[in-house]
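Observations on the three-dimensional arrangement
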Amino acid sequence: MTHALASADTPFRDDEVRPSLSSEEALSNAPAREGTCFQVPRILE
Amino acid sequence: VSAPPPLGRSLTELSAALSRREVSSEEATRAVLSRIEATDGRLGAFLRVTPEPALEAARASDARRARGEATSPLDGVPLALKDIFLTNGVETTAGSRILTGFIPPFDATVVDRLRGAGAVLVGKLNMDEFAMGSSNENSAFGPCRNPWDLTRTPGGSSGGSAAAVAARQVFGAFGTDTGGSIRQPASLCGVVGLKPTYGRVSRYGVVAFASSLDQVGPLGRTVADAATLLGAVAGHDPRDQTSSHHPVPDYLAGLEDGARGLRIGVPREWFQGGTEAGVERRIREALAAFEAMGARLVDVELPHSKYGVAAYYLVAPAEASSNLARYDGVRFGPRAPARSLSDMYGETRDAGFGAEAKRRIMLGTYALSAGYHDAYYLKAQKVRTLVRQDFDRAFERCDVVAGPVSPTVAFSLGEKIDDPLQMYLADVYTISCNLAALPGLSVPAGLHPGNGLPVGLQLVGRPFDESTLLRAARALERELGPSPAPEAIG
């Protein structure tokens with residue numbers, strides 16, 4: 001990479017489980033859902 | 001003697017009045033909400049106003065104040081945000097139809113920090129779709145107008161942010177700047193706008209346009225206002241891996257140190273006849289004012305800046321085409337009805353994106369395609385390095401680089417919208433600062449001698465040296481006075 005960030009160090013952290021969005025929050029804007037999944041038109045006919 | 005109405009005050013003055021308990025946050029917030037209601041039908045700066053949560057936050061601030069627990073200079077100060085910052089529970093669209101109805105389940109880090117500082121957030125500001133544009137005309141939700149002349153654009157993409165601050169609708173605002181989107185509208189509306197060094201402010205929860213260029217920054221009526229706003233949000237954020245650990249100084253500390261002894265670089269390439277005469281006159285007068293204040297003008301060269309616009313329109317669309325791939329109607333935003341998944345993607349994106357977003361997705365996809373990536377994207381990244389090296393060399397001889405922000409004053413609505421190349425050239429002087437990841441600022445440099453519209457002086461600084469930019473801008477502001485209130489909006 002040849003841009004201005006080239007000198008920045010790569011940040012590392014311990015691989016610890018941390019809180020993030022709940023399924024309900026993550027699905028709250030879904031145009032269509034089924035249970036805890038995003039629903040989309042069928043892929044296989 | 002009664003205190004002047006709160007809207008006549010700068011953020012800094014309001015903050016002092018709040019601490020002296022001369023005015024309450026609720027009074028200031030009610031004044032702001034009435035002002036927005038009275039003016040925004042004509043201005044179009046806001047996409048959404050949130051009076052109830054704003055008044056609730058104002059009353060909470062007043063209660064903290066009464067207990068002697070005010071948390072910061074922003075406690076109780078009404079502000080507004082470009083609609084690119086995710087706000088928990090408040091619709092966020094980035095000016096795009098494809099995010100209509102999107103209610104973020106979390107706050108951007110900037111929003112989180114502002115709430116923590118006690119700021120009162122009154123609403124979300126108009127912008128070019130996904131921050132792509134220089135006139136705010138690419139908003140899917142209607143144009144924003146320039147408060148100095150309602151037939152003209154406020155600039156963009158943070159047009160609503162600049163217009164709202166100039167029109168005294170709010171005491172300060174935040175925008176984002178990818179190629180000039182804070183500085184250019186600040187210049188065209190007569191306010192102070194600062195794009196910090198890349199990595200100075202967290203981008204977590206900010207809708208991404210071009211991730212190696214995007215940076216968050218403040219717009220204020222005065223230099224001190226902008227300094228206070230920057231101080232509230234700057235600093236490392238573990239949620240943004242590009243945010244810097246560089247220590248955050250007190251941006252108000254050296255603000256009044258004046259221009260004496262400053263070396264101001266004047267790049268030959270920014271004064272080669274590309275700027276409208278009345279604008280150039282004000283810029284040259286500002287440089288002369290610096291000299292009169294004891295600064296020294298130094299000729300510098302930025303020989304690769306002429307490739308800036310070309311390189312930018314490869315890097316930015318390439319990154320945008322990747323970032324915008326997420327808008328596919330699956331997880332958020334409206335979904336077009338279709339029988340198959342691929343039709344659904346296509347129809348959702350066709351209906352959801354405006355013309356400029358589509359143009360940039362196509363440019364970027366092409367620049368990244370197999371066989372072209374090295375010739376376009378990689379070459380453009382190499383140009384970035386050369387642009388940065390030009391600045392590094394210039395900063396061996398000067399402390400800040402100065403020139404115009406925009407080649408013209410505010411242009412008319414409709415004037416450039418059908419000519420993308422002309423629109424792109426509105427950012428000819430601002431883009432190299434983003435390519436080089438440097439801090440840049442626009443400060444009012446007086447009104448155009450012919451048409452009375454604002455002209456902004458651009459100052460570009462060394463990495464993480466926002467303090468020197470602010471100090472130089474403050475020196476000029478002290479000499480010229482801050483920009484007056486625009487009369488067109490009443």
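Structure report, in brief. Bear in mind that the values here come from a model prediction, so they are computed numbers and not experimental data. (Residues numbered from 1 in each chain as written. Chains lettered and ligands numbered in written order. Predicted model: local features only at pLDDT ≥ 70, side-chain atom pairs only at ≥ 80, totals over all residues. Heavy atoms only, no water.)

1. A short note on the overall build of chain A
- Of the regular secondary structure elements, chain A holds 1 helix and 2 strands.
- If you list the helices and strands of chain A from N to C, you get α-β-β.
- Looking at chain A as a whole, 16% of its 45 residues are labelled buried.
- Working note: accessible area of chain A is about 3,900 Å², and carbon and sulfur atoms make up 52% of it. (Helix = DSSP H or I, 4+ residues; strand = E, 2+ residues; numbered from the N terminus. Buried < 20%, exposed > 50% of the residue type's maximum accessible area, 1.4 Å probe, protein only. Areas by Shrake-Rupley, 256 points an atom, 1.4 Å probe, with all protein chains shown as cover.)

2. A look at the interface of chain A and chain B
- On the chain B side, the residues contacting the 20 residues of chain A number 29 residues.
- For the pair chain A and chain B, the two sides together bury roughly 1,800 Å², of which 62% comes from carbon and sulfur.
- Put simply, chain A and chain B have 3 residue pairs in polar contact (both at pLDDT 80 or more) between them.
- Classifying every residue of the side of chain A that touches chain B gives 12 nonpolar, 5 polar and 3 charged. (Contact = heavy atoms within 4.5 Å. Buried area = accessible area lost by both parts, 1.4 Å probe. Polar contact = N/O pair within 3.5 Å; in protein donor to acceptor, adjacent residues only side chain to side chain. Nonpolar A, V, L, I, M, F, W, Y, C, P; charged D, E, K, R; others polar.)

3. Regarding the pairing of strand β11 (residues 454-461) of chain B
Residue and element names in this part refer to chain B.
- Burial runs high along β11: 8 of the 8 residues are buried.
- In β11, alternate side chains face the same way, and those of P454, G456, Q458 and V460 on one face and V455, L457, L459 and G461 on the other are all buried.
- Where strand β9 (residues 400-404) lies against β11, 5 bridges are found, and the strand directions are antiparallel. By the bridge assignment for β11, A402 is matched with L459.
- The sheet contact formed by strand β10 (residues 440-447) and β11 spans 6 bridges and is antiparallel. Its bridge partner lying in β11, L441 is registered against L459.
- Between β10 and β11, which follow one another and run antiparallel, lie 6 residues, and G452 among them has a positive phi close to 70°. (Pairing = 2+ DSSP bridges.)

4. A short note on the sheet that holds strand β2 (residues 78-82) of chain B
All names here are of chain B.
- Overall, mixed pairing links the 11 strands, which are arranged β1-β3-β2-β4-β6-β5-β10-β11-β9-β7-β8 in an open sheet. Unpaired on one side and paired on the other, β1 (46-49) and β8 (296-300) mark the two borders of the sheet. Between one strand axis and the next, the sheet turns by 30° as a mean value, whatever way the strands run.
- Relative to β8, strand β7 (residues 263-267) runs parallel, the two being bridged by 5 bridges. The residue of β8 that forms the bridge with I264 is L297.
- Those strands touched by helix α8 (residues 277-292) are β7, β8, β9, β10 and β11, and its axis lies near 55° from that of β11. (Axes fitted to C-alpha atoms, helices over the stretch in contact; angles between N-to-C directions.)

5. Quick notes on the side chain of R203 of chain B
Residue and element names in this part refer to chain B.
- Note on placement: R203 falls in the loop between β5 (192-195) and β6 (215-220).
- Residue R203 is classed as buried on the basis of its relative accessible area of 15%.
- The residues contacting R203, other than those within four sequence positions of it, are Y198, S211, D214, Q215, D240 and T242.

6. Considering the pattern of salt bridges
Residues and elements named next belong to chain B.
- Tallied over the entire structure, the rule returns 28 salt bridges over all chains.
- In this structure, R30 engages E26 in a salt bridge whose closest nitrogen and oxygen atoms are separated by 2.8 Å. Taken as a pair, R30 and E26 lie in helix α2 (residues 25-43) at a separation of 4 residues, close to a single helical turn.
- For D75, the salt bridge is made with R64, and the minimal N-O distance between the two is 2.8 Å. Placement of D75 in the loop between α3 (51-66) and β2 and of R64 in helix α3 is noted, with a sequence separation of 11 residues between them.
- Residue D75 is classed as buried on the basis of its relative accessible area of 0%. (Salt bridge = Lys/Arg side-chain N within 4 Å of Asp/Glu carboxyl O.)

7. Details of the packing of helix α7 (residues 223-233) of chain B against helix α15 (residues 466-480) of chain B
All names here are of chain B.
- For the pair α7 and α15, the least separation of the axes is 9 Å and the interaxial angle reads 160°. By the angle between their directions, the pair α7 and α15 is classed as roughly antiparallel. Residue-level inspection shows V223, A227 and L230 of α7 in contact with α15, the latter providing E466, L470, A473, R474 and E477.
- Split by residue class, the contact of α7 with α15 holds 5 nonpolar, no polar and 3 charged. (Parallel < 35°, antiparallel > 145°, perpendicular 65-115°, else oblique.)

8. Some remarks on the packing of aromatic side chains
All names here are of chain B.
- Under the counting rule described, the total for this entry stands at 13 aromatic pairs over all chains.
- Note on F130 and Y327: the rings are 4.9 Å apart at their centroids and 40° apart in plane angle, and the pair reads as tilted. In this pair, F130 sits in the loop between β3 (120-125) and α5 (159-166) while Y327 sits in the loop between α9 (308-323) and α10 (341-352), placing the two residues 197 residues apart along the sequence. The residues F130 and Y327 share a single accessibility class, namely buried.
- One aromatic cluster is present, formed by F102, F130, Y327, F332 and F353 through successive ring pairs.
- Of note, K416 hangs over the ring of F411, and the distance from its end group to the ring centre comes to 4.5 Å. (Phe/Tyr/Trp six-rings, centres within 6.5 Å; stacked < 30°, edge-to-face > 60°. Lys NZ or Arg CZ within 6 Å of the ring centre and 35° of its normal.)

9. Looking at the environment of L314 of chain B
Residue and element names in this part refer to chain B.
- Along the chain, the position of L314 falls in helix α9.
- Judged by its relative accessible area of 23%, L314 is partly exposed.
- For the pair L314 and Y366, spaced 52 residues apart in the sequence, the C-alpha separation amounts to 9.4 Å.
- In this structure L314 touches A367, Y376, Y377 and A380, once residues within four positions along its chain are discounted.

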